[in-house]
Amino acid sequence: MEVRSSLPGKLLSQYEAVRRQEHEQITALLDTLARVDDLPASQMEQVRDALFHANHPFLMVMVGPFGSGKSSIINALLGEAILDVGPIPTTDHIVILRRGADLQRTRAGDVETVFHPSPLLEHLSLVDTPGLESVFRTHDEVTRRFLHRADVVLLVMIATQVLSASNLEYLQALRAYGKRVIVVVNQVDLLDEAEREQVRDFVQEQSRLHLGMESPVWLVSARDAFAAQQEQPRDEILWDASGFAEIEAYIRETLGDVERLRQKLETPVQICQNVTKDALGRVQEQQTALDAHRKTLDNIAAQIEQGRREQQKTVEDGLAEIGHTWDEAAARGSEAIGEMFQFSRGIGLFFSGLGEIVGLGRLVRRFSGRTRAESAFERHKVRETFQRLPELADKLGPRLEGRDLQDIDDLVDYTRGAVQKLPPNLSGKIVGKVQTPLRYERSFLRNVRPRLDDLLREAQRFEIAHLDRTLRNTLIILALWEVLTVCVVLAAAAGGFSDSVPDARGLLVVLAIGLAAVLLGLALIPLRGWFLRRNFERRVRRFRDEYVGALRRACDDLLAHGVQLRRDATAPFTRLVIAQTEALDALRRDLSEHQQSLVAIQRGLAEMDSGKRRAVLPEESVQDV
């Protein structure tokens, strides 16, 4: 519909601004509605209709039960029997009467368009609909599908059956559509004046009681109006008495420029609001249905985290046992070193030192095949303790793998059960298959094993060799010290006896000093052993930390792999729920924004200057395109 410049400039500017805003908003709404699952195609079609509604003539739609006289009212308004009337349902499709130079009829599907030269059709189009609750059930459906297009609805009923249960239901349904409704009571020529007023009061009272509103009520006689139209000129007295003068005045005066334009723009907004409200309800229902699946998602995450914690505990327990074994090896080695450097073995160690000096020690080691350190470590089972470490490390892999595979199987079974509970609109969107992984990566612990073996060999080999060298050096120093001490004492004693009068007291002092020196040399043995024990324990702890650290890093990688396997196994379900949650949240936000924009458009319509409304547009101020 094109609005000519006969409208005031400000009003024309307001109208064009609102119409552009409507077009943009409805276009965007169509894109949003396309993302709503299970939205009826009929509602999408309604919004598409709304997009072009402003370009169509103003529609006054007649609805009501069969036999109420809808077609007769239209014939009476036009003064010509354009539409068929009869005792059986004669209208089985939508009929739109529009202004045309000559009487012409065209039909496309359920809609027939009749062009008629009546001046009344300059400002609007009249729509006849099949009777609601007629013997043909499809008539009801055809009418309801067309109702969203109406700018104003005339609910036609028979004077003798006003506001029956079905008529009240129609009125409530039309109100739910957000349509402006006028109740037309036909065949009032069958009632006297008092009965007519009773009918009017009753309809208005029931409207207030059941709908909280008071609809306009027109009491008419289509038969008398048609008879008045047949007179030349028209019988105005009979026309007024038929009640049709009120309909004609409403069309020519109430539906003036501004009001008609306002309603013309309000109709698409009402259509979009109804569909948006329904779409929001569907989205909310889908979000509610998705809540149970989000709880399943939380359960899956909780099971994965619980499995990770239990696996972590297995690792910590295993590493703690390995660490204790290292500490036990350190303690046993320390005891062996202490035994090698006992003070009570000083005399034997002195002679061993002499043997090292003269080369007998090397000969003894060649025939015995073992060093002193090796023998001491064997007696205290240090090597056996170290050898338990690879066995403990090897147990971690199977424990973790077995638990991973069992947990993944249980999680897959649980998730498959959740997938089966998905509604069809969601189950069809799942991508991938919930299943146990085909491969379990075992290389994490296998790859670290050479490093662990190297650390273990280095710890044992370094300590034995170091202790043997230190022990030999200590024995040589001890032997030299003791020999030197004895020689000094003997020399001093010999000097004392060479005098003519030996000094007994001086001799005793020399012997005492020599004895102290000998004891001091022997005391250095346990002191040296204490330092060696401390160094041994420190080195073993360092190797322990490296060993446990390397194993921990490998186990952490294996734990992360197990967690990822669990996530991958359930990913098709979790991805779907997360994606749908995000999509529904975004969709709900978008629909709410559309709803707010539609309300803003309604406010813009309310601000159109009603004070500049005209009674009737000039004949060519409104054209259909």
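For the structure itself, look to the data block above.
Within each chain, residues carry numbers counting from 1 in the order of the written sequence. Two thresholds apply to this predicted model, a pLDDT of at least 70 for residue-level local features and 80 or more for giving and counting side-chain atom pairs, whereas whole-chain, interface and lining totals are computed over all residues. The basis for the side-chain values is all heavy atoms of the structure; hydrogens and waters are excluded.

(A) Just the side chain of histidine 561, in detail. Helix numbering and strand numbering both begin at the N terminus, where a helix is a DSSP run of H or I of at least 4 residues and a strand a DSSP run of E of at least 2. With respect to the helices and strands, the residue histidine 561 is situated in helix H17 (residues 504-606). What makes two residues a contact is simply this: any of their non-hydrogen atoms within 4.5 Å. If sequence neighbours within four positions are ignored, histidine 561 has contacts with Tyr440, Glu441 and Phe444.

(B) Here's a closer look at unusual backbone geometry. The omega angle of the peptide bond from glutamine 232 to proline 233 is -5°, so this bond is cis rather than trans. Residue position: proline 233 is located in the loop between helix H7 (222-230) and helix H8 (236-241). A positive phi angle, close to 65°, is found at aspartate 38, a residue other than glycine. With a relative accessible area of 54%, aspartate 38 lands in the exposed category. Under the scheme applied here, a residue whose accessible area is under 20% of the maximum for its type counts as buried, over 50% as exposed, and between as partly exposed, the area being computed with a 1.4 Å probe on protein chains only.

(C) Just the pairing of strand E3 (residues 94-99), in detail. Only when DSSP finds a minimum of two bridges between them are two strands counted as paired. Relative to strand E5 (residues 111-116), E3 runs parallel, the two being bridged by six bridges. Counterpart to isoleucine 96 in the pairing with E5 is threonine 113. In this sheet, strand E6 (residues 125-128) lies alongside E3 in antiparallel orientation, the contact comprising three bridges. Residue pairing for E6: leucine 97 is matched across the bridge by leucine 126.

(D) Structural detail: the sheet that holds E3. Spatially, eight strands are ordered E4-E5-E3-E6-E2-E7-E8-E9 in an open sheet, and the strand pairing comes out mixed. This sheet does not close on itself; its edge strands, each paired only once, are strand E4 (104-108) and strand E9 (217-219). Averaged over all pairs of adjacent strands, the angle between strand axes in this sheet comes to 20°, irrespective of strand direction. Lines are fitted to the C-alpha atoms to define the axes, a helix being fitted only along its stretch in contact, and any angle between axes, read from their N-to-C directions, falls within 0 to 180 degrees. The sheet strands contacting helix H3 (residues 70-78) are strand E2 (59-63), E3, E5, E6, strand E7 (152-158) and strand E8 (180-186), and the helix crosses E6 at an angle near 155°.

(E) Layout of H7. What H7 keeps buried is the set Ala222, Ala225, Ala228 and Gln229. Buried residues of H7, seen end-on, are gathered within an arc of 125° and therefore sit on one face of the element. The arc refers to the directions leading from the helix axis to the C-beta atoms.

(F) Structural view of a nonpolar patch on the surface. Patches here are clusters of residues that have more than 30% relative accessible area and form no salt bridge, with a 9 Å joining cutoff for like charges and a 5 Å cutoff for nonpolar side chains (Val, Leu, Ile, Met, Phe, Trp, Tyr). Shrake-Rupley sampling with a 1.4 Å probe provides the accessible areas, and residues are treated as covered by the protein chains on show and by no other component. Each salt bridge in this description consists of a side-chain nitrogen of Lys or Arg and a carboxyl oxygen of Asp or Glu lying within 4 Å of one another. A contiguous nonpolar patch, built from Leu524, Leu527, Trp530 and Phe531 and spanning about 390 Å² of accessible area, is present on the exposed surface. Within the secondary structure, leucine 527 sits in helix H17. By relative accessible area, leucine 527 is classed as partly exposed at 43%.

(G) View of the pattern of salt bridges. All chains considered together, the criterion is met by 29 salt bridges. For aspartate 37, the salt bridge is made with lysine 429, and the minimal N-O distance between the two is 2.7 Å. Of this pair, aspartate 37 sits in the loop between helix H1 (9-33) and helix H2 (41-53) while lysine 429 sits in the loop between helix H15 (424-427) and helix H16 (443-497), and the two are 392 residues apart along the sequence. The salt bridge involving arginine 451 is made with glutamate 546; its shortest N-O contact spans 3.2 Å. Of this pair, arginine 451 sits in helix H16 while glutamate 546 sits in helix H17, and the two are 95 residues apart along the sequence.

(H) Fine view of the environment of isoleucine 337. Assignment of secondary structure puts isoleucine 337 in helix H10 (residues 257-340). What isoleucine 337 contacts, discounting residues up to four positions off in sequence, is Phe377, Leu467, Gly529, Leu532, Arg533 and Phe536.

(I) Molecular detail of the environment of aspartate 453. Tracing the sequence through the fold places aspartate 453 in helix H16. For aspartate 453, a relative accessible area of 22% corresponds to the partly exposed category. In this structure the C-alpha to C-alpha distance between aspartate 453 and tyrosine 547, which are 94 residues apart in sequence, comes to 9.0 Å.

(J) Broad picture of the packing of H3 against H7. Between H3 and H7, whose axes approach to 8 Å, the crossing angle comes to 25°. By the criterion of interaxial angle, the relationship of H3 to H7 is roughly parallel. Handedness of the crossing formed by H3 with H7: left-handed. Of H7, the residues touching H3 (which contributes Ser72, Ile73, Asn75, Ala76, Leu77 and Leu78) are Ala222, Ala225, Phe226 and Gln229. The residue classification treats Ala, Val, Leu, Ile, Met, Phe, Trp, Tyr, Cys and Pro as nonpolar and Asp, Glu, Lys and Arg as charged. All others, Gly included, are polar. Taken together, the residues that form the contact of H3 with H7 break down as seven nonpolar, three polar and no charged. Reported orientations rely on four angle classes, namely roughly parallel under 35 degrees, roughly antiparallel over 145, roughly perpendicular from 65 to 115, and oblique for the rest. The hand of a helix crossing depends on one turn: near helix anticlockwise from the far one by less than a right angle means left-handed, and clockwise means right-handed.

(K) Broad picture of the nonpolar core. Ranked by size, the top nonpolar core spans 80 residues in total, and within it Leu33, Ile322, Trp326, Leu551 and Leu591 carry the most contacts. Of all elements in the fold, only H1, H2, H10, helix H13 (372-379), helix H14 (382-420), H16 and H17 reach the threshold of two or more residues within this core. In terms of residue count, H17 provides more of this core than any other element does, 24 residues in total. Apart from residues lying up to four places away in sequence, leucine 33 is in contact with Leu39, Met44, Val47, Val275, Ala279 and Leu591. We define a nonpolar core as any set of buried Ala, Val, Leu, Ile, Met, Phe, Trp, Tyr and Cys residues linked to one another through side-chain atoms lying within 4.5 Å. Core analysis: the next-biggest nonpolar cluster, separate from the first, contains 32 residues, Leu77, Val95, Val156 and Ile251 among them.

(L) Representation of the side chain of serine 334. Along the chain, serine 334 turns up in helix H10. Serine 334 has contacts with Arg533, Phe536 and Glu537, leaving out every residue within four places of it along the chain.

(M) Here's a closer look at the packing of aromatic side chains. Stacked, edge-to-face and tilted are the three classes for Phe, Tyr and Trp ring pairs, Trp counted by its six-membered ring, which pair at centre distances within 6.5 Å; planes under 30 degrees apart are stacked, over 60 edge-to-face, the rest tilted. What the rule picks out here adds up to four aromatic pairs. The interplanar angle of 70° and the centroid separation of 5.3 Å between the aromatic rings of tryptophan 218 and tyrosine 250 together place this pair among those described as edge-to-face. Of this pair, tryptophan 218 sits in strand E9 while tyrosine 250 is found in helix H9 (residues 244-254), placing the two residues 32 residues apart along the sequence. In terms of burial, tryptophan 218 and tyrosine 250 fall into one category: buried. Cluster of aromatic residues (ring-pair linked, three or more members): Trp326, Phe386 and Tyr547. Look at NZ for Lys and CZ for Arg. If either is within 6 Å of the ring centre and within 35 degrees of the ring normal, a charge sits over the ring. Over the aromatic face of tryptophan 239 sits the side chain of arginine 234, whose NZ or CZ is 4.1 Å from the ring centroid. A cation over a ring is seen here: arginine 542 above phenylalanine 543, with NZ or CZ 4.6 Å from the ring centre.

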